[in-house]
Amino acid sequence: MQTQIYINGQFLNAASAKTMDVINPADETILASISLSGKKEADDAVSAARKAFDEGPWPKLTGKERAVYLHAIAEGIRAKRDEFSQLETLDNGKPLPEAEWDIDDAADCFSYYANLAEKLDDEAPEVIALGDERFTSQAIRQPIGVVGQIIPFNFPLLMAAWKVAPALAAGCTTVLKPSHQTPMTALKLAEVLEQVELPPGVLNIITGAGAALTGNPKLDKLAFTGSVATGTNVMSAASQNLTPVTLELGGKSPLIIFADADIDAAVEWTMFGIFWNKGEVCSATSRVLVEESIYETFLQKLATETAKIKIGNGLEAGIKLGPQVSEKQYLDVLKYIDIGISEGHRLVTGGKAAEGFEKGYYIEPTIFADVSEEAIIWQQEIFGPVVAIRSFKTEDEAIASANNSEFGLAGAVLSLDKDRLNRVARRLDAGIIWTNCSQPTFVEAPWGGRKKSGIGRELGHWGLDNYLSTKQITDFNSAEPWGWYQEGS
């Protein structure tokens with residue numbers, strides 16, 4: 001199990017010799033004691049990335065040459081799929097089948113951006129028509145430079161892939177900082193980097209000192225996924241050096257269920273939308289709006305199916321709901337449940353820590369009904385297996401309620417009326433809309449939100465665009481001198 005940080009192609013311990021215990025949320029045992037980066041390591045990592053970009057071969061390679069490394073990283077992850085998956089479950093708590101799914105997606109992400117890197121070689125400069133025939137101009141795209149990347153705890157290796165793969169494909173060099181709660185698969189990724197002989201300094205991985213990283217003036221870009229509060233701090237630090245940022249922040253995504261929807265499918269998508277990954281999903285459809293005529297029937301079916309969810313250690317067969325990632329997250333979710341109860345909302349099922357566990361951060365899947373729009377559990381992101389539900393009468397009412405949020409990451413709508421699906425999808429104020437489903441995510445499609453849910457888009461070619469800078473090159477082609485300084489001109 002890798003416990004050292006990775007800087008300039010070398011595994012190192014922090015100069016301070018400080019370490020940090022990583023806790024298994026299933027049983028509260030110490031999974032590992034890892035080297036804890038400080039400001040020195042953050043600065044060293046940025047300097048290594050800076051040298052690799054300014055002096056090293058990476059940005060000078062063709063896209064096809066960089067793609068060879070990206071394909072090799074993808075294959076390296078696939079070769080260690082079982083190891084990565086087990087470690088992800090131990091570190092994060094998610095059920096093993098979900099972890100396996102994530103690891104597969106992470107490998108596919110590197111393959112996808114390897115293919116896009118190859119296409120960069122075929123990208124012709126854009127010729128620009130000018131009003132003065134003596135000049136010709138073209139626009140080209142080049143790697144933006146050195147990038148600082150900070151990722152959250154909910155999808156550790158997958159979030160690393162979402163950021164690292166497009167940056168490397170573009171020709172950038174990077175410093176990656178995983179969450180202090182789930183650093184293990186990011187550190188294991190460094191083993192793959194070493195195996196494929198990625199040039200030193202191209203990708204560096206540190207385990208702390210996020211503030212030192214975001215404030216470093218040698219960075220050309222910052223990319224962050226996490227909470228609104230931390231994202232605000234990242235943006236503030238970046239502003240001191242006018243460093244451009246991409247932010248993927250929180251959400252409180254709505255799911256609208258119309259009376260003509262398949263009610264059994266609606267129940268399944270509702271459960272997947274909030275209980276998948278223990279509700280630790282930024283796009284989780286945690287606000288559910290159900291048309292009045294099917295409201296009580298839907299609640300009854302949802303409660304019946306939710307009661308069947310098997311809770312436990314994610315390494316055990318058949319588990320659908322693992323522990324929250326940490327004690328802090330566990331206590332935060334329980335606090336919100338207590339608020340929902342104290343505010344008088346109807347508790348349909350759940351509402352407390354799961355019984356039968358002496359250790360671990362397990363919470364019952366929890367459903368609140370008849371929740372008002374003013375309720376804290378309706379407005380604020382809980383990031384746990386807690387869903388708030390209310391009824392509506394009209395389409396306009398449902399859309400207005402769905403859009404009445406400071407967040408705008410995602411939304412979903414269920415109906416058998418295709419015209420309605422299209423109409424409502426276009427009116428929902430969010431960056432990602434699902435129709436007749438919730439949460440499916442594909443590397444080919446753009447990901448990102450509006451309002452307090454963030455700035456910019458990841459995935460697809462939009463993810464690659466984040467790490468490319470457009471440059472104008474203008475030529476003077478006339479045989480005659482420009483002559484502005486000549487006498488009489």
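Now for a description of the structure that goes with this document. On a predicted model such as this, the values are computed, not experimentally measured, just so you know.

1. Considering empty space enclosed by the protein
Counted under the stated rule, the structure contains 2 cavities of 30 Å³ or more. As a volume, the largest cavity reaches approximately 70 Å³. The wall of the largest cavity is formed by 16 residues, among which Pro-254, Ala-402, Ala-410, Asp-429 and Ala-430 lie closest to the centre. Taken as a whole, the second largest cavity encloses approximately 60 Å³ of empty space. Lining the second largest cavity are Gly-251, Lys-252, Ile-274, Gly-279, Val-281, Ala-284, Ser-286, Glu-381, Ile-382, Phe-383, Gly-384 and Val-386.

2. Description of the packing of helix 2 (residues 63-79) against helix 5 (residues 156-170)
Geometry of a packed helix pair, given as the angle between the helix axes and the separation of the axes. The N-to-C vectors of helix 2 and helix 5 enclose an angle of 165°; their axes lie 9 Å apart at closest approach. The orientation of helix 2 with respect to helix 5, classified from their angle, is roughly antiparallel. Both helix 2 and helix 5 take part in a crossing whose hand is right-handed. Here helix 2 contributes Arg-66, Leu-70, Ile-73 and Ile-77 to the contact with helix 5, which in turn contributes Leu-157, Ala-165, Leu-168, Ala-169 and Ala-170. Its residues assigned to classes, the contact of helix 2 with helix 5 shows 8 nonpolar, no polar and 1 charged.

3. Comments concerning the pairing of strand 12 (residues 254-257)
The side-chain alternation of strand 12 yields two buried faces, one formed by Pro-254 and Ile-256 and the other by Leu-255 and Ile-257. The sheet contact formed by strand 12 and strand 13 (residues 287-291) spans 4 bridges and is parallel. The residue bridging Leu-255 from the neighbouring strand is Val-288, located in strand 13. The pairing of strand 12 with strand 18 (residues 410-414) spans 3 bridges and is classified as parallel. By the bridge assignment for strand 18, Leu-255 is matched with Ala-412.

4. Here we look at the layout of surface pockets
What the largest pocket holds in volume is close to 980 Å³. Taken together, 35 residues form the lining of the largest pocket, with Phe-153, Gly-226, Ser-227, Val-228 and Thr-230 sitting closest to its centre. Broken down by secondary-structure element, the contributors of at least two residues to the lining of the largest pocket are helix 7 (210-214), strand 10 (221-225), helix 8 (228-240) and helix 11 (327-342). Classifying every residue of the lining of the largest pocket by side-chain character gives 15 nonpolar, 14 polar and 6 charged.

5. Looking at the packing of helix 2 against helix 4 (residues 96-120)
Contact geometry of helix 2 with helix 4 gives a least axis separation of 8 Å together with a crossing angle of 170°. If you check the angle between helix 2 and helix 4, you find them roughly antiparallel. Here helix 2 contributes Gly-63, Lys-64, Arg-66, Ala-67, Leu-70, His-71, Ile-73, Ala-74, Ile-77 and Arg-78 to the contact with helix 4, which in turn contributes Ile-103, Ala-107, Asp-108, Phe-110, Ser-111, Tyr-113, Ala-114, Asn-115, Ala-117, Glu-118 and Leu-120. Among the residues forming the contact of helix 2 with helix 4, the class breakdown is 12 nonpolar, 4 polar and 5 charged.

6. Focus on the side chain of Ser-405
Counting through the fold element by element, Ser-405 comes out in the loop between helix 13 (395-403) and strand 17 (407-408). Residue classification places Ser-405 among the buried positions, given a relative accessible area of 16%. Sequence-distant contacts of Ser-405, that is, excluding residues within four places in its chain, are made with Lys-252, Arg-287 and Lys-451.

7. Looking at the environment of Glu-98
With respect to the helices, strands and loops of the structure, Glu-98 is situated in helix 4. Residue Glu-98 is classed as buried on the basis of its relative accessible area of 12%. As a C-alpha pair, Glu-98 and Ser-85 span 13 residues in sequence and 8.6 Å in three-dimensional space. Apart from the residues lying within four places of it in its own chain, the contact partners of Glu-98 are Trp-276, Asn-277 and Lys-320.

8. Here we look at the pattern of salt bridges
The full count for this structure, using the stated rule, is 29 salt bridges. Asp-44 serves as the salt-bridge partner of Lys-40, at 2.6 Å between the closest nitrogen and oxygen. On the criterion of helical spacing, the pair formed by Lys-40 and Asp-44 is a turn pair, its members being 4 residues apart in helix 1 (residues 39-54). The exposure class assigned to Lys-40 is partly exposed, which follows from its relative accessible area of 48%. Of the charged contacts in the structure, one is a salt bridge between Arg-81 and Asp-104, with a shortest N-O distance of 2.7 Å. In this pair, Arg-81 is assigned in helix 3 (residues 81-92) and Asp-104 in helix 4, connecting sequence segments 23 residues apart. With a relative accessible area of 27%, Arg-81 lands in the partly exposed category. Overall, Asp-104 belongs to the partly exposed group, its relative accessible area being 29%. When salt bridges that share partners are traced, they join Asp-260, Glu-395, Arg-420 and Arg-423 into one network.

9. Here we look at the sheet that holds strand 5 (residues 126-128)
Note: strands within a sheet are paired through backbone hydrogen bonds, in either parallel or antiparallel orientation. Spatially, 3 strands are ordered 5-6-22 in an open sheet, and the strand pairing comes out antiparallel. Every interior strand has two partners, whereas the edge strands, strand 5 and strand 22 (468-476), have only one. Ignoring which end each strand starts from, the neighbouring axes of this sheet average 25° apart. Pairing analysis gives 9 bridges linking strand 6 (residues 135-143) to strand 22, with the strands arranged antiparallel. Looking at the pairing, Gln-138 lines up with Ile-473 of strand 22.

10. With respect to the environment of Thr-366
With respect to the helices and strands, Thr-366 occurs in strand 15 (residues 366-369). Owing to a relative accessible area of 0%, Thr-366 belongs among the buried residues under this scheme. Considering only alpha carbons, one finds Thr-366 and Leu-255, 111 residues apart in sequence, at a separation of 16 Å.

11. Quick notes on the packing of aromatic side chains
With the rule as written, the count across this model stands at 17 aromatic pairs. On the basis of an interplanar angle of 85° and a centroid distance of 5.0 Å, the ring pair of Tyr-112 and Tyr-113 is categorised as edge-to-face. Given a relative accessible area of 0%, Tyr-113 falls into the buried group. With a centroid separation of 6.1 Å and an interplanar angle of 75°, the aromatic rings of Phe-476 and Trp-482 are classed as edge-to-face. Using a relative accessible area of 45% as the deciding quantity, one classes Trp-482 as partly exposed.

12. Points about the nonpolar core
Counting residues in each nonpolar core, the largest one holds 97 residues, and the members touching the most others are Tyr-113, Ile-257, Phe-298 and Ile-389. Residues contacting Phe-298, with those up to four places away along its chain left out, are Ile-257, Ile-263, Ala-266, Val-267, Thr-270, Val-288, Val-290 and Ile-389. Ile-256, Phe-368, Ile-382 and Ala-398 belong to the second-largest nonpolar core, a separate cluster that totals 26 residues.

The rules behind each value
Residues numbered from 1 in each chain as written. Predicted model: local features only at pLDDT ≥ 70, side-chain atom pairs only at ≥ 80, totals over all residues. Heavy atoms only, no water. 1 Å grid on protein atoms, 1.4 Å probe; cavity = no way out; pocket = protein on both sides within 12 Å on 5 of 7 lines; lining within 4 Å. Points joined across faces, edges and corners; volume = space filled by probe spheres on them. Axes fitted to C-alpha atoms, helices over the stretch in contact; angles between N-to-C directions. Helix = DSSP H or I, 4+ residues; strand = E, 2+ residues; numbered from the N terminus. Parallel < 35°, antiparallel > 145°, perpendicular 65-115°, else oblique. Left-handed = near helix turned anticlockwise from the far one by under 90°. Contact = heavy atoms within 4.5 Å. Nonpolar A, V, L, I, M, F, W, Y, C, P; charged D, E, K, R; others polar. Buried < 20%, exposed > 50% of the residue type's maximum accessible area, 1.4 Å probe, protein only. Pairing = 2+ DSSP bridges. Salt bridge = Lys/Arg side-chain N within 4 Å of Asp/Glu carboxyl O. Phe/Tyr/Trp six-rings, centres within 6.5 Å; stacked < 30°, edge-to-face > 60°. Core = buried A, V, L, I, M, F, W, Y, C linked by side-chain atoms within 4.5 Å.

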